[in-house]
Amino acid sequence: MTQLPGIVITGASGRMGQMLIRTVAGSAKARLVGAVERTGHSWIGQDVGVAMGGAELGVSVTADAADAFSKAQAVIDFTAPEATLDFAAYAAQAGIVHVIGTTGFSDSQLEALKPAAQAAVIVRAGNMSLGVNLLTQLTRKVAAALDEDFDIEVVESHHNQKVDAPSGTALMLGQAAADGRGVALADVSDRGRDGITGARKRGDIGFAVIRGGDIVGEHDVMFAAAGERIILRHIATDRLVFARGALKAAVWGQGKTPGEYDMIDVLGL
Ligand SMILES: NC(=O)C1=CN([C@@H]2O[C@H](COP(=O)(O)OP(=O)(O)OC[C@H]3O[C@@H](n4cnc5c(N)ncnc54)[C@H](OP(=O)(O)O)[C@@H]3O)[C@@H](O)[C@H]2O)C=CC1
Ligand SMILES: O=C(O)C1=N[C@H](C(=O)O)C[C@H](O)C1
């Protein structure tokens, strides 16, 4: 019998880190073999299950990512762009699948990920849920069917601890709308309205951002014309939907050719 893929979770103490630890530890398709936190973090050396306030999971939290990755088949990484770039180098060195849920990358940071994808399978998506990835396909279709009489606006809402804006999901949805219209998102994106902005420019794709309380993640794509409006909406109420998708990606990536993939590849949408 072949062994189940061993998975390391980075940012183990984070909101997504803890959800991923629970999801992988409870899965029949993978094994939890590592949990990584920053040097000096209070969890280092503790059993990760106990650190989370639950039962022992038999995995000690470590700051040595290179060592943890060398004993695994995949790493699931929901941290921050600068950390993810370091982890990509270690994952490439170990030749393991790197599932990246981190958002907020600059263009140059995304470019810096490319060398790692020559040695390892990277699956990266601003949203790992089935629902949002389906929504990107619907957005592309609706945008392709409608002309610029319909103004496209992407509205996203998240909890008050989120550090990047617009969300990775909002940017995925904006990209899907631009693809559907056959335009470059960078040419039509309107991300910062404040003050006397002037009238809306025809063909622009606008982004609006709400931050408050414990909102897990909500996204609307609005197509607004004179006399009618279409709104495509996704509401995440539980981070489990992201963790499930990430675990699926880690298992899917086993044995694939090194390169960059996304959740559309994983889900076959
Ligand atoms: N693609 C998707 O489906 C989803 C993506 N996300 C994205 O995942 C990321 C994490 O979100 P969330 O869990 O809510 O955030 P948290 O702040 O709760 O957790 C982030 C974790 O990453 C660690 N971390 C941050 N910076 C570094 C660093 N430079 N080196 C090492 N470790 C670091 C933090 O450690 P410390 O506490 O020590 O700083 C913490 O453990 C965000 O980019 C978010 O947008 C979130 C949900 C779904
Ligand atoms: O930071 C979050 O929480 C989330 N981030 C992702 C994003 O930036 O879109 C996905 C999800 O909406 C939650």
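Residues numbered from 1 in each chain as written. Chains lettered and ligands numbered in written order. Predicted model: local features only at pLDDT ≥ 70, side-chain atom pairs only at ≥ 80, totals over all residues. Heavy atoms only, no water.

(A) Main features of the site of ligand 2. Thr-103, Gly-126, Asn-127, His-158, His-159, Lys-162, Ser-167, Gly-168, Thr-169, Val-216, His-219 and Phe-242 make up every residue found near ligand 2. Contacts to ligand 2 include Gly-168, whose backbone N or O atom sits 2.8 Å from an oxygen atom. At 2.5 Å, a side-chain N or O of Thr-169 approaches an oxygen atom of ligand 2. Grouping the amino acids of the shell around ligand 2 by side-chain chemistry returns two nonpolar, nine polar and one charged. (Near = heavy atom within 4 Å. Polar contact = N/O pair within 3.5 Å; in protein donor to acceptor, adjacent residues only side chain to side chain. Nonpolar A, V, L, I, M, F, W, Y, C, P; charged D, E, K, R; others polar.)

(B) Spatial organisation of the sheet that holds strand E11 (residues 228-236). The five strands are arranged E8-E9-E7-E10-E11 in an open sheet whose pairing can be described as mixed. Each of the sheet's edge strands pairs with one partner strand only, and the pair in question is strand E8 (189-190) and E11. As defined by bridge partners, strand E7 (residues 151-158) adjoins strand E10 (residues 217-225) across seven bridges and the pair is classed as antiparallel. In the strand pairing of E10, Glu-156 is matched with His-219. Where helix H6 (residues 130-145) meets the sheet, it contacts E7, E10 and E11, and its direction lies at approximately 165° from that of E11. (Pairing = 2+ DSSP bridges. Helix = DSSP H or I, 4+ residues; strand = E, 2+ residues; numbered from the N terminus. Contact = heavy atoms within 4.5 Å. Axes fitted to C-alpha atoms, helices over the stretch in contact; angles between N-to-C directions.)

(C) Fine view of the packing of aromatic side chains. Within this structure, the stated rule accounts for three aromatic pairs. Judged by centre distance (6.4 Å) and plane angle (85°), the ring pair of Phe-69 and Tyr-90 falls under edge-to-face. One end of the pair, Phe-69, is in helix H3 (residues 65-70); the other, Tyr-90, is in helix H4 (residues 81-94), and 21 residues separate them in sequence. Judged by its relative accessible area of 0%, Phe-69 is buried. Its relative accessible area of 34% is what places Tyr-90 among the partly exposed residues. Between Trp-252 and Tyr-261 the ring centres are 5.2 Å apart and the planes differ by 75°, which places this aromatic pair in the edge-to-face class. Accessibility expressed as a relative area gives 22% for Tyr-261, which makes it partly exposed. (Phe/Tyr/Trp six-rings, centres within 6.5 Å; stacked < 30°, edge-to-face > 60°. Buried < 20%, exposed > 50% of the residue type's maximum accessible area, 1.4 Å probe, protein only.)

Functional significance is not addressed by these values, which are geometric in nature.
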